[in-house]
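# Working through the structure, step by step
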Amino acid sequence: MTKHPKLELTWIGKENRPKLEPRILVEDPGKSYHAAHRVSENDIFDNRLIFGDNLLALKALEQEFTGTIKCIYIDPPFNTGQAFEHYDDGLEHSTWLAMMSDRLDLLHRLLAPEGVFFVHLDQEENHYMKVLLDELFNRFNFLGQVAYERSGVSGIGQGGAFLVNTHEYILCYAKDKARFHVEDDRGATPLEPKDMKRYNRVLIDPGERVEIERFLAPSTGEPVVIYKHRGEQIETISLRKVEDRFDEIIGEYVKCFPKIFRNTSIQKENEFQTRILSHCGDGLYSADYLVSRGKREGENITAYYWNRQVFAWLSDTAEVREGQIVKTNKLSDFWPHGDLPKADLANEGGVDFRRGKKPETLLKRLVGLVTKPGDWVLDSFAGSGSTGAVAHKMGRRWIMIELGEHCQTHIIPRMRKIIDGEDQGGVSKAVNWKGGGGFRYYKLGPSLIVKDEWDNPVINPEFNAGMLAEAMCKLEGFTFEPNSEVYWQQGRSSETDFIYVTTQMMTKEMLTKISDEVGPNRSLLICCGAYRADVTQFENLTVRKIPKAVLKKCEWGHDDYSLEIRNLPKSPQTAVPAEDGGGTQPPKRPARKFGRGKDTGPTLFDMDTINSTGGK
Ligand SMILES: C[S@@+](CC[C@H](N)C(=O)[O-])C[C@H]1O[C@@H](n2cnc3c(N)ncnc32)[C@H](O)[C@@H]1O
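Keep in mind that this is a model prediction, so the values were computed, not measured. (Residues numbered from 1 in each chain as written. Predicted model: local features only at pLDDT ≥ 70, side-chain atom pairs only at ≥ 80, totals over all residues.)

### Observations regarding the overall build of the protein
Here is the rule: To qualify as a helix, a DSSP run of H or I must reach at least 4 residues; to qualify as a strand, a run of E must reach at least 2; elements of each kind are numbered from the N terminus. Exposure classification rests on a simple neighbour count of other C-beta atoms within 10 Å of a residue's own: a residue reaching 20 or more is buried, one at 12 or fewer is exposed, and one in between is partly exposed. C-beta atoms are placed from the backbone. Once C-beta atoms are placed from the backbone, any two residues with those atoms within 7 Å are in contact.
On a plain count of helices and strands, the protein comes out with 12 helices and 33 strands. Residues counted as buried form 35% of the 616 residues belonging to the protein. For the protein, restricting intrachain contacts to residue pairs at least 6 apart in sequence, the fraction spanning at least 24 positions comes to 70%.

Quick look at the structure:
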């Protein structure tokens, strides 16, 4: 039997996935910022701004944030071949896909089960991205594609273009469509007199009904049973002097809400409804049937018909909120220029980020659709910081990652102004922003393992004891949680399983003492520079030597996986022509980062190269 391969997008090097080092994030408190005082009870301070390549940064977040982020919005370089002022855009297609794909895998992992992913692109790569995301998220989880009108035709200089390109696209995916729900009121607006005039009939009592006809629905094969009603009571809500009596009339609407309807004609093409109506005359009729498609697919319902027209219930398009009736407007996937005003875009946030900055109104709509206050929002291509700016003003937690210098020159000043309540542009007025909260600024920690001058892998001397313990926790899947009273509890993987990291050499006496303290009901992983004992005698201990135990876990010392081609690692096969022109030489070894021959004397970390004598 032929095995059909699954549908997938493929490109050169698709299977070459980097084995990423889970770096620690190092806070720079001088760049972190918080408001001088609390503005409200709901102020959020644990937002994060990370400076660095997003692939390593996302990996660094993996342990703490897997399954946590409610909304991810990314607006990566569109790969249009244009060089923007602040960042490089224009990569060869398969390179772009490979770079995106590595990042998408991590983003998908971080997304909460109820979470939603948005990616903003233009026509260059949007369709390739769709296929990529169908594979990663599963086609079933595709929620839709927004066509966002970036600007009207006039004013766009695209002389000679076949079609003037005015649109960008936002692909929307649920992590799991079955668990996804819309949070937003979708721009709910109060019921107005013009809506009342359409919906003003109330089915007070449907009366008695008798079956008059039945047939099998072609789409479901299930019976459709049609009834004629007798003794029904239908009333009309009086809208006389509606402007003067508005509150009184709204009270009536709220009281009768579930029973209010209008009757509407059926389109001729709707064969199913036309067939039911062919059995109905004047007066009230109803039909019981199983719905075969649409929002109520699979439900058994009773549909009503009056004077040869079908009922449309007010409750299908509105709801009662705090004593008022609001229309729950349906949002289409076309978001026109006029709906999301951006006349002031250039000034938003007080930063100049030409051609990359997205309007705060757009972000507000996206964030509001799928999150509620306190939820985590992430943008790993932060640019000028629009996503974090909007998330902050809307009371959501945020994480932003940006590799460019504009992380310092744009995002930090923008967020500081917001926190200080000085940014009244963008969506500030719409959300009544008054300031407050804060963020922590992080950069990626250095690689844990470097080569010494004899080319031996050693623990990076930049690491202090705390950093080392945190890095080992990440590598071994423990949560870094140092216990100030119990020195060997530096992290945990469960209530009873701990990790202890030290560069010391562990002797039999030291291990015996720790093993006694751990006791029979707990277990401990010890990562140490060396050990001199038969460690198999300690049932509650697992003892490993570092760095040896971790060498194969990932790629060490690789600092830049950024989207810029000039930063890509050299191919391992790259051969350098010999100087005499005859043949080739092996590639030169990269310059070592840390020498150990400096006259600085031994440090805490010198212990890691002690060759254990009794260990494995
Ligand atoms: C289109 S801009 C985002 C604009 C943003 N939505 C806004 O409203 O300001 C794309 C951003 O992604 C950043 N970027 C590109 N590659 C990156 C990487 N590997 N890691 C982190 N940021 C990256 C660029 O520096 C640029 O700022």
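The structure having been displayed, the exposition proceeds.
### A short note on the confidence of the model for the protein
Low pLDDT marks regions whose predicted coordinates should not be analysed in detail. Threshold: A score from 0 to 100, pLDDT tells how confident the predictor is in each residue.
Mean pLDDT over the protein: 86, with 87% of residues reaching 70 or higher. This model gives residues 564-616 a pLDDT under 50, and the stretch forms 64 contacts once residues within four places in sequence are excluded.

### Remarks on the pairing of strand E4 (residues 69-74)
Our working definition: Two strands qualify as a pair provided DSSP detects at least 2 bridges between them.
Most of E4 is tucked away: 6 of the 6 residues are buried. With 2 bridges connecting them, E4 and strand E20 (residues 376-379) associate as parallel partners. Each residue of the ladder has a partner; that of Cys71, found in E20, is Val377.

### Here's the deal with the packing of helix H8 (residues 386-393) against helix H9 (residues 406-419)
Test applied: The angle between two axes is taken between their N-to-C directions and runs from 0 to 180 degrees, where each axis is a line fitted to C-alpha atoms and a helix contributes only its stretch in contact. Oblique is the label for any angle not under 35 degrees, not over 145, and not in the 65 to 115 range, which are roughly parallel, roughly antiparallel and roughly perpendicular in turn. Two helices that cross are described as forming a left-handed crossing if the nearer one is turned anticlockwise from the farther one by less than a right angle, and a right-handed crossing if clockwise. Lys, Arg, Asp and Glu make up the charged group, whereas Ala, Val, Leu, Ile, Met, Phe, Trp, Tyr, Cys and Pro make up the nonpolar group; the residues left over, Gly among them, are polar.
For the pair H8 and H9, the least separation of the axes is 10 Å and the interaxial angle reads 15°. Here H8 is positioned roughly parallel relative to H9, judged by the angle of their axes. Where H8 crosses over H9, the handedness of that crossing is right-handed. Within the contact between the two elements, H8 uses Gly388, Ala389, His392 and Lys393 and H9 uses Arg414, Met415 and Ile418. Of the residues assigned to the contact of H8 with H9, the class counts are 3 nonpolar, 2 polar and 2 charged.

### Structural notes on the packing of helix H7 (residues 360-370) against H8
Pairs of packed helices are described in terms of their axes, by the angle between the two and the distance that separates them. Where H7 meets H8, the axes come as close as 9 Å, and the angle between the chain directions of the two elements is 60°. Compared by their axis directions, H7 and H8 come out oblique. H8 is crossed by H7, and the crossing has right-handed handedness. Where H7 abuts H8, its residues Glu360, Leu363, Lys364 and Val367 lie against Ser386, Thr387, Ala389, Val390 and Ala391.

### Looking at the environment of Thr95
Within the fold, Thr95 resides in helix H2 (residues 93-110). For the pair Thr95 and Trp11, spaced 84 residues apart in sequence, the C-alpha to C-alpha distance is 8.7 Å.

### Some remarks on the nonpolar core
In summary, soluble globular proteins display a tendency toward joint burial of nonpolar side chains. Applied cut-off: Only buried residues count toward a nonpolar core: Ala, Val, Leu, Ile, Met, Phe, Trp, Tyr and Cys, linked into one set through C-beta atoms within 7 Å.
Membership of the largest hydrophobic core comes to 107 residues, with the highest contact counts inside it found for Ile72, Phe118, Met472, Ile499, Ile526 and Cys528. Considering every element that reaches this core, the biggest residue donor is H2, with 9 residues. Excluding anything up to four places from it in sequence, Phe118 contacts Ile72, Tyr73, Ile170, Cys172 and Leu366. Residues Leu203, Leu284, Trp306 and Val310 belong to the second largest nonpolar core, which totals 25 residues.

### Let's talk about the sheet that holds strand E17 (residues 318-321)
Adjacent strands of a sheet pair through backbone hydrogen bonds, lying either parallel or antiparallel. The sheet built from 3 strands is open, its strands ordered E8-E18-E17 with antiparallel pairing. Because the sheet does not close on itself, it has two edges, and the strands there are strand E8 (189-190) and E17. By the bridge criterion, 2 bridges tie E8 to strand E18 (residues 324-327) in an arrangement that is antiparallel. Paired with Pro190 across the two strands is Val326, which belongs to E18.

### Focus: the sheet that holds strand E12 (residues 233-236)
Taken together, 8 strands build an open sheet; the order of strands is E10-E11-E14-E15-E16-E13-E9-E12 and the sheet is antiparallel. A strand with exactly one partner marks an edge of an open sheet, and here the two such strands are strand E10 (208-216) and E12. On average, each strand axis in the sheet is inclined to that of its neighbour by 35°, with strand direction left out of account. Inspection of the sheet shows strand E15 (residues 300-306) paired to strand E16 (residues 309-313) by 2 bridges, in the antiparallel sense. Counted as the bridge partner of Trp306 is Gln309 from E16.

### What about H7?
The buried count for H7 comes to 9 of 11 residues, which makes it a mostly enclosed element. Every buried residue of H7 is listed here: Glu360, Leu362, Leu363, Lys364, Arg365, Leu366, Val367, Gly368 and Val370. The elements touched by buried residues of H7 are E4, strand E5 (111-121), strand E6 (142-149), E20, H8 and helix H10 (428-431).

### Thoughts on unusual backbone geometry
A cis geometry characterises the amide bond from Ile546 onward to Pro547, with omega recorded as 10°. Not every positive phi belongs to a glycine, and Asn307 is a case in point at roughly 50°. Its location among the elements puts Asn307 in the loop between E15 and E16. Backbone geometry places Arg308, a non-glycine residue, at a positive phi of 65°. With respect to the helices and strands, the residue Arg308 is situated in the loop between E15 and E16.

### Some details on the pairing of strand E21 (residues 397-402)
Here is the rule we go by: Classification remark: right-handed applies to a crossover when, strands pointing away from the viewer, the course from the first strand over the helix to the second runs clockwise.
The buried fraction of E21 is high, at 6 of 6 residues. In E21, alternate side chains face the same way, and those of Arg397, Ile399 and Ile401 on one face and Trp398, Met400 and Glu402 on the other are all buried. Where strand E3 (residues 47-51) lies against E21, 4 bridges are found, and the strand directions are parallel. Note on E21: the bridge partner recorded for Ile50 is Ile401. Where E20 and E21 come together, 4 bridges link them in parallel fashion. Residue pairing in the sheet places Asp379 in a bridge with Met400 of E21. With H8 bridging E20 and its parallel neighbour E21, the resulting β-α-β unit is right-handed.

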